[in-house]
Amino acid sequence: MRADRLVAALLVLQARGRVTASELAAELEVSVATARRDLEALSTAGLPVYPQAGRGGGWSLVGGARTDLSGLTDAEARALFLLAGPAAGGAPELRSALRKLVRALPGTFRADAEAAAAAVVVDPAGWGERDRARPELVERLQLAVVRRRKVRLAYRGRTGERTERLVDPWGLVDKDDVWYLLAGTGKGQRTFRIDRVAGAVITDLVAERPAGFELSRAWERVVEEVERRRSLLSATVLIPERFVPVLRDHFGRHCSVEGVPVGGRAQVRVAAPTPLMIAQPLAGWGATIEVVEPDSVRAELARLGGELVERYSVSR
């Protein structure tokens, strides 16, 4: 995880005093772009990490090479532990690293650093939801990505059909507690949901990765394509202004207010792949909302309403 890398990057800087992004990338077994972003994150967090241009340059921890953290100020130590602390809850290795860092701090800073590490708890489960366990295969696939080894993947598609393929693992993404693997296949880049992976065997074959590949940018393109497919159809809805946040919670980025509310009602545009997928969440609102257009969504609402009347009407 990233917080683990940030701690490791800081330790490398402490030991060497100055490193280039390429050297750090080789040390942490990540891309140069990822190493550069990690160094920038440490600097942004308030740690004394600065780039030096020109020959013999790189990234330096002000004060030179050290084997302890005595060069950090009180505020800088708190910044580091606030950054890494929330991620350490489920990672024994990171908790161990944080304990070592605390011992390396000057005695006057330790109490605040320990308090900062315990100051934030990240609870990814929504209200009324169960906490989702991290898939067991994540650690194995993460190892394959870091070591750049091909993986023999057994995968269940949307229809439940199981297939097997040899893939080049490029990176893992945790999106809203759902894990994905971005990998190279014989047909190009593919995205695999980890909860559909039936089995994964790391091979001794060296995995190939496109030159200049950056996981964050590749994932941005995946998100853009998925969101485009999720917004193939839009509908105009009139709803009391006070309920707009509730509607936005359901449709997310595919919910936007148009114009200025009139008579206490807001005009909102929502989007989804099909008329039914728009109508289903709106049906529960009853007469509170009005779908202005398109007719296809209005027809689905009428059909759903008819089914409910037929099922629950009381015979007289």
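Everything that follows concerns the structure shown earlier in this document.
Residues numbered from 1 in each chain as written. Predicted model: local features only at pLDDT ≥ 70, side-chain atom pairs only at ≥ 80, totals over all residues. Heavy atoms only, no water.

Visitor: Residues and numbers for the packing of helix H2 (residues 21-28) against helix H3 (residues 32-44), please.
Guide: Between H2 and H3, the shortest axis-to-axis distance is 8 Å and the interhelical angle comes to 105°. Regarding the angle of H2 to H3, the classification is roughly perpendicular. Taking contact as the criterion, the partners of Ala21, Ser22, Leu24 and Ala25 in H2 are, on H3, Val32, Ala35, Arg36 and Leu39. (Axes fitted to C-alpha atoms, helices over the stretch in contact; angles between N-to-C directions. Helix = DSSP H or I, 4+ residues; strand = E, 2+ residues; numbered from the N terminus. Parallel < 35°, antiparallel > 145°, perpendicular 65-115°, else oblique. Contact = heavy atoms within 4.5 Å.)

Visitor: Please set out the packing of aromatic side chains residue by residue, giving values where relevant.
Guide: One pass over the full model with this rule turns up 4 aromatic pairs. Judged by centre distance (5.1 Å) and plane angle (55°), the rings of Trp170 and Phe213 are tilted. Taken together, the residues span a long stretch of sequence, with Trp170 in strand E5 (residues 162-175) and Phe213 in the loop between strand E8 (197-206) and helix H8 (215-230) at a distance of 43 residues. On the basis of relative accessibility, which here comes to 11%, the residue Phe213 falls in the buried class. Seen in terms of ring centroids, Tyr180 and Trp219 are 5.3 Å apart; in terms of plane orientation they differ by 40°. Their pairing is tilted. Within this pair, whereas Tyr180 is found in strand E6 (residues 178-185), its partner Trp219 is found in helix H8, the two being separated by 39 residues in sequence. Each member of the pair, Tyr180 as well as Trp219, carries the same accessibility label: buried. (Phe/Tyr/Trp six-rings, centres within 6.5 Å; stacked < 30°, edge-to-face > 60°. Buried < 20%, exposed > 50% of the residue type's maximum accessible area, 1.4 Å probe, protein only.)

Visitor: Account for the side chain of Thr203, naming residues and giving values.
Guide: You can see Thr203 is positioned in strand E8. Engagement of the side chain of Thr203 in a polar contact is seen with the backbone nitrogen of Leu205, the distance being 3.2 Å. In this structure, Thr203 is in contact with Arg149, Lys150, Arg152 and Leu166, ignoring residues within four places of it in sequence. (Polar contact = N/O pair within 3.5 Å; in protein donor to acceptor, adjacent residues only side chain to side chain.)

Visitor: Give a description of the pattern of salt bridges that names residues and reports values.
Guide: If you walk through the whole model with that rule in mind, you get 13 salt bridges. Salt-bridge contacts for Glu214 lead to Arg37; the nearest nitrogen and oxygen are separated by 3.1 Å. You can see Glu214 sitting in the loop between E8 and H8 and its partner Arg37 sitting in helix H3, a full 177 residues away along the chain. Take Glu214: its relative accessible area is 19%, and that puts it in the buried class. Looking at Arg37, the relative accessible area reads 28%, which means it is partly exposed. For the salt bridge of Asp168 with Lys150, the shortest nitrogen-to-oxygen distance reads 2.5 Å. Within this pair, whereas Asp168 is found in strand E5, its partner Lys150 is found in strand E4 (residues 149-156), the two being separated by 18 residues in sequence. Pair check on accessibility: Asp168 and Lys150 agree, each one buried. Within this structure, Arg37, Glu214 and Arg217 form a network of salt bridges that share partners. (Salt bridge = Lys/Arg side-chain N within 4 Å of Asp/Glu carboxyl O.)

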